[in-house]
Amino acid sequence: MRMVALLLALLVVGLLVARQMGGGAPAQVKQPEAISDVAVPAMPAVPTKPQDLPEFERQVEGYVSDLAAERVKQMEQAESGK
């Protein structure tokens, strides 16, 4: 009886080790169709002079607010079912 239990325990351990070592099929990863499908807006150039920083900050704030407005618009369209 002890021998049967020992053999079953070794079988279970062997199966677990085989599974961990890659005995099964690897997970399938979906790749995007094309990266060009994603629209990436142009960001303003990062300023190199301290006096250019306020203008850059205004540009970035405008960019962020435009993105937020677009997200709100998309959410409203999704909620209305269009």
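The following refers to the structure shown. Values in this document were obtained by computation on a predicted structure and should not be read as measured data. (Residues numbered from 1 in each chain as written. Predicted model: local features only at pLDDT ≥ 70, side-chain atom pairs only at ≥ 80, totals over all residues. Heavy atoms only, no water.)

**Here's the deal with the overall build of the chain**
From N to C terminus, the chain includes two helices and zero strands. Out of the 82 residues in the chain, the part that is buried amounts to 1%. Total accessible area on the chain is roughly 8100 Å²; 63% of this is exposed by carbon and sulfur atoms. (Helix = DSSP H or I, 4+ residues; strand = E, 2+ residues; numbered from the N terminus. Buried < 20%, exposed > 50% of the residue type's maximum accessible area, 1.4 Å probe, protein only. Areas by Shrake-Rupley, 256 points an atom, 1.4 Å probe, with all protein chains shown as cover.)

**A word on the pattern of salt bridges**
Here the structure, examined in full by the defined rule, presents one salt bridge. For the salt bridge of Glu55 with Arg58, the shortest nitrogen-to-oxygen distance reads 3.2 Å. Taken together, the residues span about one helical turn, with Glu55 and Arg58 both in helix H2 (residues 53–80) at a distance of three residues. (Salt bridge = Lys/Arg side-chain N within 4 Å of Asp/Glu carboxyl O.)

**Quick word on the environment of Val60**
Position of Val60 relative to the elements: it lies in helix H2. Given a relative accessible area of 23%, Val60 falls into the partly exposed group. Separated by 16 residues in the primary sequence, Val60 and Pro44 have C-alpha atoms spaced 7.6 Å apart.

**Quick notes on a nonpolar patch on the surface**
On the surface, a cluster of nonpolar side chains totalling about 430 Å² of accessible area is made up of Met3, Leu6, Leu7 and Leu10. By secondary structure assignment, the location of Leu6 is in helix H1 (residues 2–20). Judged by its relative accessible area of 46%, Leu6 is partly exposed. (Patch = residues over 30% accessible without salt bridge, like charges linked within 9 Å, V, L, I, M, F, W, Y side chains within 5 Å.)

Treat this as a map of the structure, not an account of what it does.
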